[in-house]
Amino acid sequence: MSVKIGNIDLGEFPLLLAPMEDVSDPPFRYVCKQSGVDMMYTEFISSEGLIRDAAKSIQKLDIFEYERPIGIQIFGSNIETMRGATEIATKASPDLIDINYGCPVKNVACRGAGASLLQDIDKMVLMTKAVVESTHLPVTVKTRLGWDDNTKNVYEVAERLQDVGIKALTIHGRTRSQMYKGQADWTLIREIKRNPRIQIPIFGNGDVDSVEKAADWRLEYEVDGIMIGRASIGYPWIFREIKHFFKTGEILQGPTLSERVEVCKTHLDKSIAWKGPKTGIFEMRRHYSNYFKGIPNFKEYRMKLVSADTIELIEEILEEIKNKFQTEMA
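Structural notes, computed from the coordinates.

Parameters at a glance
- Residues numbered from 1 in each chain as written.
- Predicted model: local features only at pLDDT ≥ 70, side-chain atom pairs only at ≥ 80, totals over all residues.
- Heavy atoms only, no water.
- Buried < 20%, exposed > 50% of the residue type's maximum accessible area, 1.4 Å probe, protein only.
- Helix = DSSP H or I, 4+ residues; strand = E, 2+ residues; numbered from the N terminus.
- Contact = heavy atoms within 4.5 Å.
- Phe/Tyr/Trp six-rings, centres within 6.5 Å; stacked < 30°, edge-to-face > 60°.

**Describing helix α9 (residues 211-221)**
Right, on to step 1. Along α9, the residues classified as buried are Val211, Ala214, Ala215, Trp217 and Tyr221.
Right, on to step 2. Tucked inside the fold, the buried residues of α9 contact α8 (187-194), β11 (225-228) and α10 (237-248).

**Observations regarding the packing of aromatic side chains**
Right, on to step 1. Within this structure, the stated rule accounts for 13 aromatic pairs.
Right, on to step 2. On the basis of an interplanar angle of 80° and a centroid distance of 6.3 Å, the ring pair of Trp237 and Tyr291 is categorised as edge-to-face. In this pair, Trp237 sits in helix α10 while Tyr291 sits in helix α13 (residues 288-291), placing the two residues 54 residues apart along the sequence. Here Trp237 and Tyr291 have matching classes, each one buried.
Right, on to step 3. Site record: aromatic cluster; members linked through ring pairs are Phe292, Phe298, Tyr301 and Phe325.

**Quick word on the environment of Met179**
Right, on to step 1. When you line up the elements, Met179 lands in the loop between β9 (168-172) and α8.
Right, on to step 2. Taking relative accessible area as the criterion, Met179 reaches 26% and is therefore assigned partly exposed.
Right, on to step 3. For the pair Met179 and Gly102, spaced 77 residues apart in the sequence, the C-alpha separation amounts to 9.8 Å.
Right, on to step 4. Those residues in contact with Met179, other than ones at most four positions away along the chain, are Pro104, Val105, Arg144 and Arg174.

Pasting the structure below:
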């Protein structure tokens, strides 16, 4: 049976790309879409930035037709500001609006936004209601298990946010105090999925970094779909490989070195097209080590890539990598 968010049909068991700051921009989303991801989100966008018309926040509203279905994710600490930001984001014509109640980083959570709202569920409910009332689009939420081990309150959060109209909930299997350390615990996610009151799709997030884990956790935790974040950085093929396994039961061979180089080039081209040559080349530098992870003695070429300042030179280095390391990468 298909999983639906409002009228958005995501198929039987959707794979979602997590909204990641400084990662989930249009160039990165493009290569993930090519690998078969079912649903994507923008980087999280400050509601204050949207209200102030800040250039960086406004640029993050850029979405393209080939990306659909796509959600714009917003965060903030002020209910009225979130209401206004929702109206602005709606005008960018995404398929849905997502609220970030999960970001654990200090400059978000310690300013009353992101995961901070897990300490004030009443305010979270009022904020969510305001967002739902400010758009005709489906509203979804991404959050965590709770603020810390003593306050794992996401079970209550799921019920109360469903009651004010959200259409899906993604849960990262860590508390805010864990940040990204330790292991994600999906047992509470399964409890929420089994709650007879919960009628909306529940997506699991955290630590899914292999085909085997995706397949095992799909069965073990009974979620409606899986959201993948860090494991897709430099390896968008993870979506293709998981989907292939679900369809055929076979483990797909990993990308060849040539394919890694070609997708890296595509990512670079899209980065330059969207941000311009200077910024596009500079921001692409954070991705090279991930694209070529596992290649022995690669440091010399990584240093060359991060110091190259023209597209011609970068492409020349990438061709050199392809010719020098002609082995298939698993």
